[in-house]
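Summary of structural features
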Amino acid sequence: MIDKNHKNIATFIHLSTFSRFFFPLGNFIGPIILWVANKEKSDFIDAHGKQALNFQLSILLYAIILGMITIPLFVFNLFNGFNFLDIDAFNSIHISLTKPSPLLYISGGLGFIAVVGFILELVFIVKAGLAAKEGEYYKYPLAINFLK
């Protein structure tokens, strides 16, 4: 039987990932501190700590991959009209509102995916916190098991 204290600690491990909104890397530091300090108390706390950290590491990896795809497309679109060999480079810039570049659509679509991913991340964290509060184990979707 899992006691109330263990449920609360597991819940706070998940919810401590929101500390990133207050200080940098809080989504890693908060759960690591709570997990390391309490993982010997029960397997329940240990499992929830590993899940929270695995999910945050997975989100970081997905964000890096998405950024590596999106940023070059944005930069190529930004410098699309420049002619670097011409001295009058600003005369060659043509901004067209009727026919934007296909790269703009692709990078916009990837940006939309990033926003949806952020919203889903928040939803999954809250669901994990609620599951821990009820004494249930929770497995984040799309989380890579870095810590086993």
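Heads up: the structure comes first, above all this text.
I will try to describe carefully the structure that is included in this document. (Residues numbered from 1 in each chain as written. Predicted model: local features only at pLDDT ≥ 70, side-chain atom pairs only at ≥ 80, totals over all residues. Heavy atoms only, no water.)

Okay, the overall build of the chain next. In terms of regular secondary structure, the chain is built from four helices and zero strands. Listed by position from the N terminus, the elements making up the chain come as α-α-α-α. Partitioning the contacts of the chain with sequence separation of at least 6, the portion at a separation of at least 24 is 71%. (Helix = DSSP H or I, 4+ residues; strand = E, 2+ residues; numbered from the N terminus. Contact = heavy atoms within 4.5 Å.)

The next thing to look at is the packing of aromatic side chains. For the structure shown, the criterion picks out six aromatic pairs. Relative to tyrosine 140, the ring of phenylalanine 55 has its centre 4.1 Å away and its plane inclined at 5°; by these criteria the two rings are stacked. On the criterion of sequence distance, the pair formed by phenylalanine 55 in helix α3 (residues 43-78) and tyrosine 140 in the segment after α4 (102-133) is long-range, its members being 85 residues apart. (Phe/Tyr/Trp six-rings, centres within 6.5 Å; stacked < 30°, edge-to-face > 60°.)

Right, let's talk about the nonpolar core for a bit. One finds Phe55, Phe124, Ile125, Ala128, Ala131, Tyr138, Tyr140 and Ala143 forming the largest nonpolar core, which totals eight residues. If you tally residues by element for this core, the top one is α4, at four residues. Residues within four places of tyrosine 140 in sequence aside, it is in contact with His14, Gln51, Ala52, Phe55, Phe124, Ile125 and Ala128. Listed in part, the six residues of the second largest apolar core include Ile9, Trp35, Ala52 and Leu53. (Core = buried A, V, L, I, M, F, W, Y, C linked by side-chain atoms within 4.5 Å. Buried < 20%, exposed > 50% of the residue type's maximum accessible area, 1.4 Å probe, protein only.)

Shape descriptors only; they carry no functional weight alone.
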